[in-house]
Amino acid sequence: METAKRKVLIVDDEPNIVTALEFLLERRGYAVRVATNGEEALALVESYRPDVMLLDVMMPKRSGYEVCQKVRERPDMQHVKVVMLSAKGREAEVNKGLSLGADLYITKPFSTQELVERIDALLGAAAKPGGA
Amino acid sequence: MKLGRRFWLWLALCYLGTLAVVAGVLATLGAELEGAEQAAFQRVLDRRAPALVFALVLLGFVWFGIVRWFSQRYPQAARRLAEETRVVLAANPGYRVAAHGAPEFDEAAHAINQLAEAYHRALGDLETRSAEARAQVEEERNRLAALMSELVEGVLVCNIEGRILLYNERAKQLLAPKGGAAPQYAPLGLGRSVFTLLERDQVAHALDKVRQRLAQGESRPVTRFVASVSEGALLRAVVTPFFDADARVAGMVFTLDDVTGLLGREGQRLALLHSLAAGLRAPVANVRAAAENLVAFPEMEDARRAQFAQIVADESGVLSGRLNTAMAEYADALKASLTLEDMSVADLVSVARRRIESALELPTRAEAIPDDLWVRVDSFAFVQALTYVAGRLRDEYGIRDVRFRAQASGAFAELDLVWTGAIVASDAFSLWELQPMRIGADETPLTLKDVLERHGGEAWTQAHKQSHTAWFRFLLPVGERVAAAAPAPPEAGSRPEYYDFDLFGRIEASSELEGRRLAELTYTVFDTETTGLQPSAGDEIISIAAVRIVNGRLLKQEFFEQLVNPRRPLDPESARIHGIEAEALVDQPTIDGVLPAFHRFCEDTVLVAHNAAFDMRFIELKEQAAGIRFTQPVLDTLLLSAAVHPTLEDHRLESIAERLGVRVIGRHTALGDALVTAEVFLRLLALLAERGIETLGAALEASRETYYARLRY
C-alpha cells in the first residue's frame, strides 16, 4: 500500500535557494510548502503539519532559532524534524541551534544532493507515522 | 718589612759618622807621635789589620741593628699608627688601632682609640638621625617600588640620554632574552642604555614625535610604537615624556605590553582576507561567465547548455570548498578581538556576582563552576551584560535571586544565569538582545547582541518546566589558562634596586675614561672559580659571577652567575675549595659560550676583581676562542688595598674585609666573593679619596706603583 507523501516545509527568505530546494525535493517525491518569514512558518506548521522543516536562521519577523524553540515547546510537534540552514557557520551558532532543538544544523554553502540524502536518513530513522 | 731609602740613608750616616769620629781621633793622636812611635804604631796596625776589618764590618752590623730597631720602634710604628687611624677615619669607625714599636706609642694608640670611640659614638648618633630621615624617603621609594611591581605592564624610565633610571619586574621579563640561546643584548639594568634593548631609531623617532607635538603646544603628548624583541616577540611601547624644573624634556617613560598574540591574530585576519580574495576570484569569474552565457543565449543547443550548466556546478563546488577551508584554517583569527583577555570562569562569575549584588541588590549564588574552565572575554562588557539581563529579570519578572553555573562544551564555555519561576519567552529575550543595555540609571549604547558578537558568542533562553527552572545560556569562547604571575622571590633583608634617580643628573662623559671620577663610574665586580692555579697549564674557569656598582651603589639584584663546563676533570683538591661537583658542570655551557654573555654584561663598565691579574689571565686565554675582547680598564682590590695601606702586609680578601668592616658571607663561591669584593671596593674608594686618588687614571697609576703589581701568573 502506498504511504502518503512526506511533507516538507521550507522556511527561507532567499527565493533562489528556495527555488532549487523546492524543485529537488518535489522530484524526490516529497510534498513541499514554502514560508518566507518566521511568522508565516509558525502559522504553516500549525495548518500543514510537516514531517520536516528546513529552517533558515536569518529571517525577518522571528529568527529560525525562535521558530525552532516555539515548535519544540509544543508537545504535539515533537516528531517534527528540524533542519537548520544557515550562512552563519560559527560553532557558537551551531551549538545554539542544536541546543534549541534542531536535529541538524547545516552551513551554507552545502551540496543539495547531500542535503536531500540527510533528510531521507532523518526521516528513515524516525518512527514512521502510522507505520509498523 | 721593606726597608726604605731613608733607612739606608740613616744607616750610612751613622756608620760613616762613627768612622769619621774614629778616624779623626786616630789622626789627631797620630799627629802627636814621634817618627819611631809612628812606625811602631804602623806595625801594630799592620799586624792587627784583619781584626780591624772585622771590627769595621762588626760596626756595620751593629749600626744596622740599631737603626733598624730604632726605625721600627719610631718612624715605622708612627706611620703604621697613622694608617690604622685612617682606617678608622675613612672606612671603619669600629676599627681600633694597635700599638707597635716604642712604649710611647701605647699611650698614643690608647688616646687614638679613645678618640675613635668618641668619634664612633658621634657617628652613631648622626647615623640614627639621618636614618630616620632616610627611612621616610625610603618608605616613599618602597611605595613606588611596590606600585611598580604590581603593574601588569612593564615600565621603563630613562633619562634624556637613554640611561635607565627605573624599571619593574615585568619590564625585566618582557625584555629578557628568551630561549636558551646566548642573549643578543646586554641585560636590562640601571644605568645601562635603553638603546641596547629597543631599536635606537624607533626610540629616537618616538622622541622626535613627542618633541614636535610639544612644539605644537600639546601639553602631554604620548606616542606609541611596536618593537620586535628576541624570538620574534612583539612589544607595544607607549612613550610619555616627563619634564625637569625648566619644563624641558628630562626623560621618557616606556610602558611595555606583550602584543605578540594580538598582532599575530590581526595578521591572521589579514591573511584570511587575502586568501579569500585570491582564492575566490577565479571560480567566481568562471561561474559568472557561464551563467551570463546561459542567460544571454536561451536558444543555444542542448549540448552547449549542458556544458555551461556543468561549469556552473563544478565551479560552485570549488567555491564552497575554498570557503570552508579558509574558514576552518582561520577559525582562531575570527574568534577574538583585541579587547578580549583570558580569564577563569570562576573569577568572571565572582566579579559578576559582586556587581549584580551591589548594583541590583539581588542575591546571587554560584552552583557548579569548574575550576579549570577559562574563557576569552571582555570582562567589563560581559559583566555589564549579565547585570543588565539580571536587572530585567528582577524588574519585569519579579525574580528575587539568581544562580550561576558553567560547563565546557567544545570550543566554548556555557555559562548559565539560572533562576526559579517565570519563563522568559524567546521572542522577549530576542528583544532584550537588541535594546541598549540599561542598568539602573546607567545606559550604554551597547546592546547585548553587540557584546555577544564581539566575543563570537551566543545567548538564548531555556527552561525546565517540571522544576520551574529557567536559564539564560551564554556561550563564550574558551580561553587559555594564564599562569598567575609568580611573585619575585623575596630577597633577604633587601628589596630590589630597580631604580636609581641619581643617574638623572649624570652627564654622558665623552671625555677620556681615565679622567673620570671614580665615584661616578659604573663597575662590574667579578670573580671566577677555576680548576686550579695554572691557566697556562690547562686549568679552566668553572664559574663566573659578577655584580654591578652604579653611582656608588651595589646593585645586588643585577648579577651575573654562570657555571662553566671546563671540559676536563676537576682536581679533587680544588673541589674542596669551591665545593662545585663535577656532575654539576656537565650540562653547563663551555667558556666560549659564556664569555660573550659576560662581555655584554660588562659593557661600558670598569672591571674590578680581587687579584684581577689571576682572573684576567684566565679570561684573556679564552678571548680568541670566544671571539671577543675585554678592553675596559681593570681595577684590582688587592693592589688598591696595598696602595692605601703600604705598610700592612696582609691583603688577602678576608683580611681586607675584616679590616674594613665588611661582613664575609658565602666565600669561595664566585658570586659570594664578587659581593665581598664589591663591598670592599666601595670602602677602598673612600680611603683612596683620602689620599687624593679620585680619578680612574690616578687609581690605575697607584695600582701600578704597588709592589704586588709585579706579581705575574
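Keep in mind the model is a prediction, meaning the values are calculated, not measured.

Asks: Can you tell me about the overall build of chain A, naming the residues and giving the values?
Replies: Looking only at helices and strands, chain A features five helices and five strands. Expressed as a percentage of its 132 residues, the buried residues of chain A come to 48%. The long-range fraction of contacts in chain A, counting pairs at least 24 apart against all pairs at least 6 apart in sequence, stands at 61%. Here chain A has roughly 6,500 Å² of accessible surface; of this, 53% comes from carbon and sulfur atoms.

Asks: Report on the overall build of chain B, specifying residues and quantitative values.
Replies: Scanning chain B for helices and strands turns up 22 helices and 19 strands. With 713 residues in all, chain B has 40% of them scored as buried. Across chain B, contacts joining residues at least 24 apart in sequence account for 68% of those joining residues at least 6 apart. Of the roughly 38,200 Å² of accessible surface on chain B, a fraction of 56% belongs to carbon and sulfur atoms.

Asks: Kindly report on the packing of aromatic side chains, identifying the contributing residues and their values.
Replies: Residues and elements named next belong to chain B. Enumeration over the complete set of coordinates arrives at 17 aromatic pairs over all chains. Measuring from ring centre to ring centre gives 6.3 Å for Phe429 and Trp432, while their planes differ by 55 degrees; the resulting arrangement is tilted. Taken together, the residues Phe429 and Trp432, both in helix α13 (residues 426-434) and three residues apart, mark about one turn of the helix. By the burial criterion, Phe429 is buried, and Trp432 matches it. One aromatic cluster is present, built from ring pairs that chain together Tyr397, Trp419, Phe429, Trp432 and Phe472.

Asks: Kindly report on the pattern of salt bridges, identifying the contributing residues and their values.
Replies: Taken as a whole and judged by the stated rule, the model has 34 salt bridges over all chains. In this structure, Lys96(A) and Glu458(B) form a salt bridge, with 3.2 Å as the shortest nitrogen-oxygen distance. Here Lys96(A) is found in helix α4 (residues 91-99), whereas its partner Glu458(B) is found in strand β13 (residues 458-464) on a different chain. Here Arg473(B) and Asp416(B) are joined by a salt bridge, their closest N and O atoms 2.9 Å apart.

Asks: Break down the side chain of Thr637(B) for me, citing the residues and quoting the values.
Replies: All names here are of chain B. Assignment of secondary structure puts Thr637 in helix α19 (residues 637-644). A distance of 2.7 Å separates polar atoms of two side chains, one belonging to Thr637 and the other to His610. Once residues lying within four places of it in the same chain are set aside, the contact partners of Thr637 are Val608, Ala609, His610, Ile656, Thr677, Val680, Phe681 and Leu684.

Asks: How would you summarise the pairing of strand β14 (residues 469-477) of chain B if you had to cite specific residues and measurements?
Replies: All names here are of chain B. Of all nine residues in β14, nine are buried; the element is thus mostly enclosed. By the alternation rule, side chains of β14 split into Thr469, Trp471, Arg473, Leu475 and Pro477 and Ala470, Phe472, Phe474 and Leu476, which are all buried. Note that strand β10 (residues 412-420) and β14 share nine bridges and pair antiparallel. Bridged to Asp416 within β14 is Arg473. Judged from the seven bridges that link them, β13 and β14 form a sheet pairing that is antiparallel. By the bridge assignment, Ala463 is partnered in β14 with Ala470. Counting the residues between successive antiparallel strands, the hairpin from β13 to β14 contains four residues, one of them, His468, with a positive phi of roughly 55 degrees.

Asks: Quick one: what's the story with helix α5 (residues 104-150) of chain B, residue by residue and with numbers?
Replies: The set of residues buried in α5(B) consists of Phe105(B), Ala109(B), Asn113(B), Ala116(B) and Met148(B). Contacts from the buried residues of α5(B) go to α3 (49-73), α4 (75-90), β1 (154-159) and β2 (164-167) of chain B.

Asks: Describe the environment of Arg163(B), and please don't skip the residues or the numbers.
Replies: With respect to the helices and strands, the residue Arg163(B) is situated in the loop between β1 and β2. When the C-alpha atoms of Arg163(B) and Val194(B) are compared, they prove to be 6.1 Å apart, with 31 residues separating the residues in sequence.

Asks: Describe the interface of chain A and chain B, listing the residues and the values that go with them.
Replies: In this complex, chain A contributes 16 residues to the contact, which on the side of chain B involves 21 residues. Between chain A and chain B lies a buried interface of about 1,500 Å² when both sides are counted; carbon and sulfur atoms form 45% of it. One can count two salt bridges joining chain A with chain B. Between Asp427(B) and Arg62(A) there is a salt bridge whose closest N-O contact spans 3.3 Å. If you list the elements that add at least two residues to the side of chain A that touches chain B, you get α3 (64-73) and α4 of chain A. The element best represented in the side of chain A that touches chain B is α4(A), accounting for six residues.

Asks: Could you give an account of a nonpolar patch on the surface, with specific residues and numbers?
Replies: Residues and elements named next belong to chain B. On the surface, Val21, Val22, Val25, Leu26, Leu29 and Phe41 cluster together into a nonpolar patch covering about 510 Å² of accessible area. Sort the elements by how many residues they give to the nonpolar patch and helix α1 (residues 5-32) lands first, with five residues. Its location among the elements puts Phe41 in helix α2 (residues 35-47).

Asks: I'd like a description of the sheet that holds strand β3 (residues 223-228) of chain B, backed by residues and values.
Replies: Residues and elements named next belong to chain B. The strand order across the open sheet formed by five strands is β2-β1-β5-β4-β3, and the pairing between neighbours is antiparallel. Each edge of the open sheet is held by one strand with a lone partner, namely β2 and β3. Going from strand to strand, the sheet's axes swing by 25 degrees on average, the running direction of each strand aside. Both β1 and β2 contribute to a ladder of three bridges, which runs antiparallel. Each bridged residue has a counterpart across the sheet, and for Val157 the counterpart in β2 is Leu166. Along the sheet, helix α7 (residues 200-215) contacts β3, β4 (234-243) and β5 (249-258); its crossing angle with β3, the most-contacted strand, is approximately 175 degrees.

Asks: Explain the nonpolar core to me, and be specific about the residues and the numbers.
Replies: Residue and element names in this part refer to chain B. Residues Leu518, Tyr523, Leu635, Leu660, Val680 and Phe681 are the most contacted members of the largest nonpolar core, which totals 45 residues. Ranked by residues supplied to this core, first place goes to helix α21 (residues 670-690) with 10 residues. Aside from chain neighbours lying at most four places away, what touches Tyr523 is Leu518, Val547, Arg548, Ile549, Thr605, Val606, Val608, Leu635 and Phe681. Of all hydrophobic cores here, the second largest spans 43 residues; its members include Val375, Phe382, Leu386 and Phe474.

Asks: I'd like a description of helix α2 (residues 38-48) of chain A, backed by residues and values.
Replies: Residue and element names in this part refer to chain A. Along α2, the residues that are buried comprise Gly38, Ala41, Leu42, Leu44, Val45 and Tyr48. Within α2, the buried residues cover an arc of 165 degrees as seen down the axis, which keeps them to one side. Next to the buried residues of α2 lie β1 (7-11), β2 (31-35), β3 (52-56) and α3. Its side-chain oxygen at 3.1 Å from the backbone nitrogen of Glu39, Asn37 defines the N-terminal cap of α2.

Asks: For the sheet that holds strand β16 (residues 541-550) of chain B, give the residues involved together with the corresponding values.
Replies: Residue and element names in this part refer to chain B. Sheet architecture is open: five strands sit in the order β17-β16-β15-β18-β19, paired in mixed fashion. Where the open sheet ends on each side, the last strands, each with one partner, are β17 (553-563) and β19 (634-636). Across the sheet, the mean angle separating the axes of adjacent strands is 25 degrees when strand polarity is ignored. Note that β16 and β17 share seven bridges and pair antiparallel. By the bridge assignment for β17, Ala545 is matched with Glu561. Running at roughly 55 degrees to β19, helix α22 (residues 696-705) makes contact with β18 (606-609) and β19 of the sheet.

Asks: Mind laying out the confidence of the model for chain A, listing which residues take part and the relevant values?
Replies: Residues at a pLDDT of 70 or more form 92% of chain A, whose mean pLDDT is 86. This model gives residues 127-132 of chain A a pLDDT under 50, and the stretch forms two contacts once residues within four places in sequence are excluded.

Asks: Explain the pairing of strand β5 (residues 104-107) of chain A to me, using residue names and the numbers behind them.
Replies: Residues and elements named next belong to chain A. Both strand β4 (residues 81-86) and β5 contribute to a ladder of four bridges, which runs parallel. When the bridges of β5 are listed, Leu85 appears paired with Ile106. Handedness of the crossover joining β4 and β5 through α4 is recorded here as right-handed.

Asks: Please give an account of the packing of α13(B) against helix α14 (residues 448-455) of chain B that cites residues and values.
Replies: Helix-helix packing: each pair is described by the crossing angle between the helix axes and the interaxial distance. All names here are of chain B. At their nearest, the axes of α13 and α14 sit 5 Å apart, and the two run at 80 degrees to each other. When the axes of α13 and α14 are compared, the pair comes out roughly perpendicular. Residues Phe429, Trp432, Glu433 and Leu434 of α13 form the contact with α14, whose participating residues are Leu448, Lys449 and Leu452. A per-class count over the contact of α13 with α14 returns five nonpolar, no polar and two charged.

Reading the values: the criteria
- Residues numbered from 1 in each chain as written.
- Chains lettered and ligands numbered in written order.
- Predicted model: local features only at pLDDT ≥ 70, side-chain atom pairs only at ≥ 80, totals over all residues.
- Heavy atoms only, no water.
- Helix = DSSP H or I, 4+ residues; strand = E, 2+ residues; numbered from the N terminus.
- Buried < 20%, exposed > 50% of the residue type's maximum accessible area, 1.4 Å probe, protein only.
- Contact = heavy atoms within 4.5 Å.
- Areas by Shrake-Rupley, 256 points an atom, 1.4 Å probe, with all protein chains shown as cover.
- Phe/Tyr/Trp six-rings, centres within 6.5 Å; stacked < 30°, edge-to-face > 60°.
- Salt bridge = Lys/Arg side-chain N within 4 Å of Asp/Glu carboxyl O.
- Polar contact = N/O pair within 3.5 Å; in protein donor to acceptor, adjacent residues only side chain to side chain.
- Pairing = 2+ DSSP bridges.
- Buried area = accessible area lost by both parts, 1.4 Å probe.
- Patch = residues over 30% accessible without salt bridge, like charges linked within 9 Å, V, L, I, M, F, W, Y side chains within 5 Å.
- Axes fitted to C-alpha atoms, helices over the stretch in contact; angles between N-to-C directions.
- Core = buried A, V, L, I, M, F, W, Y, C linked by side-chain atoms within 4.5 Å.
- Arc of directions from axis to C-beta.
- pLDDT = per-residue confidence, 0-100.
- Right-handed = clockwise from strand over helix to strand, strands pointing away.
- Parallel < 35°, antiparallel > 145°, perpendicular 65-115°, else oblique.
- Nonpolar A, V, L, I, M, F, W, Y, C, P; charged D, E, K, R; others polar.

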